[in-house]
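A closer look at the structure
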Amino acid sequence: MKLWGGRFAAESSEVFERFSGSLHFDKKLVDVDIRGSQAFAAALERVGILTAAEREKLVAAFEELRAEATTPAFYEGATDEDVHTLVIRQLKAKVGGLADKIHTGRSRNEQVSLDVRLWLREAIDETRAQLAALMASLLELAKKYPDAVIPGYTHLRRAQAVLWPHYILAYFEMFARDYERMTEARARVNVMPLGSGALAGSGFPHDREAIARDLGFAAITRNSMDVSADRDFALDYLHAANLIMLHLSRLSEDWILYSSEEFGWMELGDGVTSGSSLMPQKKNPDSLELIRGKSGRVFGDYSSLFVTVKGLPLTYNRDLQEDKEPLFDAVYQTVGSLEMAAVVASTVVLKPAIPEQAAEESWVVATDLAEALARAGLPFHQSHVLVGKLVLESTRDGKRPADWTAEELAAFDPRLTPEFAALLKPREGMKTREIRGGTGPASVAAALAEAEARLRLL
Ligand code: ARG
């Protein structure tokens, strides 16, 4: 059965059917396709194409199909071009000739837009739920070590000391923006396209707002040609998903480094690491490496659809059938990576003495000292030079900040009066950064409380 056989005298080539068929992937849309058709049956009744009894019969038959579509038998031996064709064939098997009315004035171009929107709306909600779960897991991890001091890095060189929760909250902010982006994408997905026809608008006077209400959409699309041509809503999701994967990839990279022997700060749980088939001692961060690896794949999904749409003449072109596989893949990989990251976070054990010692051994307090001198009246550039010289001398002598006594400091330069000696401990120097958004302990505690309140509102 084809939805378009009449005009053709000869059969389709078997190769063309195999090449162009999409059922093997678009069957994912079967449930939303049927729900869309149930709403469309109600719309057809409103414009007098179906009687109430016919609509009832179709809706009931569709309901049975929804249940059957969850079993493999529904697809057995199916050679239909796509999921829309399959559903109508199955409907015909149930209700006979009445099924011929369901596609009145409807195009698969609008149907595919409807189905993907319905499916993606649910996928966005799943993505947001996993994001919120990861954010909760990160806050738990932040609160496990509220006072731990770690070196913050620039250029992967120890730069300034920060509190562990401050570091974790940096990722919380990234995922909070990702959540926002997903919500914004959802608003653009949540618009109802039916009534657009193939490209010119339906020839039947549908109450499009009523269809939107029946399917829980917030609005209706405004231009029928746009509907047939547009995949922006899928690209919006892919963009937001790309940023999630980007952030996950950076988090993974951090933790792969921090849990390595070279850093030695943290331990990942046995449950999320693997061994080597040859080297008995190995404990590898495969979960994080796979998240990092899958980010490349999801970026590819975005590029793939982006480039497919570029240059297509308005309106629908069959190229657009290539939208689904990258979109489905991106949803699956993004949701899976978020879930994995949350589990990894719940297994992280920090060894706080090690990063604190790393901070103490290096000159992460140099900026604290230079700024304190500037607050005491020495112009900042001169403070910078003075502390730079102190670091240079210390590096030559292998002296750590804490090795300097107040007397030695004063002997080095009389402007380094005894009160500056306290700042040589990262934990003390950090206290000068009590500013909103900074790593001062009170600021971080407030930010943590605020993050918890924000998460509760998601
Ligand atoms: N399987 C097609 C797709 O996903 C459905 C739309 C077909 N429309 C058409 N004009 N051939 O794009």
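Residues numbered from 1 in each chain as written. Predicted model: local features only at pLDDT ≥ 70, side-chain atom pairs only at ≥ 80, totals over all residues. Heavy atoms only, no water.

With 24 residues, helix α11 (residues 286–309) extends 35 Å between its outermost C-alpha atoms, agreeing within 8% with the 34 Å of an ideal straight helix rising 1.5 Å per residue. Among the residues of α11, Ser287, Leu288, Ile291, Ser295, Val298, Asp301, Leu305, Thr308 and Val309 are the ones counted as buried. Summarising the contacts, the buried residues of α11 are in contact with α10 (232–258) and α12 (324–347). (Helix = DSSP H or I, 4+ residues; strand = E, 2+ residues; numbered from the N terminus. Expected span 1.5 Å × (residues − 1). Buried < 20%, exposed > 50% of the residue type's maximum accessible area, 1.4 Å probe, protein only. Contact = heavy atoms within 4.5 Å.)

To continue, consider the domain arrangement of the protein. Annotation of the protein at the domain level lists domain 1 (14–101), domain 2 (109–197 + 221–356) and domain 3 (359–456). Each of domain 2 and domain 3 has a C-alpha centre, and these two points are 36 Å apart. Tallying the contact residues gives 23 residues for domain 2 and 22 residues for domain 3. Buried area between domain 2 and domain 3, both sides added, is near 1900 Å², and the carbon and sulfur share of it is 63%. (Domains from an automatic or database assignment. Buried area = accessible area lost by both parts, 1.4 Å probe.)

The local shell around the ligand consists of Ser22, Asp82, Arg108, Asn109, Val112, Tyr316, Gln321 and Lys324. Note that a nitrogen atom of the ligand is positioned 3.2 Å from one of the side-chain N or O atoms of Asp82. Here a nitrogen atom of the ligand and a side-chain polar atom of Gln321 are 2.9 Å apart. Look at the ligand: alone it shows 340 Å² of surface, and the protein chains cover 86% of it. Of all the elements, helix α6 (residues 108–144) adds the most residues to the shell around the ligand, at 3 residues. (Near = heavy atom within 4 Å. Polar contact = N/O pair within 3.5 Å; in protein donor to acceptor, adjacent residues only side chain to side chain. Areas by Shrake-Rupley, 256 points an atom, 1.4 Å probe, with all protein chains shown as cover.)

The next point concerns the pairing of strand β2 (residues 157–163). Where strand β1 (residues 149–154) meets β2, 6 bridges bridge the pair, whose relative direction is antiparallel. Across the sheet, Thr154 pairs through a bridge with Arg157, a residue of β2. (Pairing = 2+ DSSP bridges.)

It is worth spelling out the side chain of Arg433 at this point. As for its placement among the helices and strands, Arg433 is situated in the loop between α17 (426–429) and α18 (441–457). We classify Arg433 as buried; its relative accessible area is 17%. There is a polar contact of 2.7 Å between the side chain of Arg433 and the side chain of Asp368. In this structure the side chain of Arg433 is engaged in a polar contact, spanning 3.1 Å, whose partner is the side chain of Glu371. Every residue in contact with Arg433, bar those within four places of it in the chain, is listed here: Gln160, Thr367, Asp368, Glu371, Gly438, Thr439, Gly440 and Ser443.

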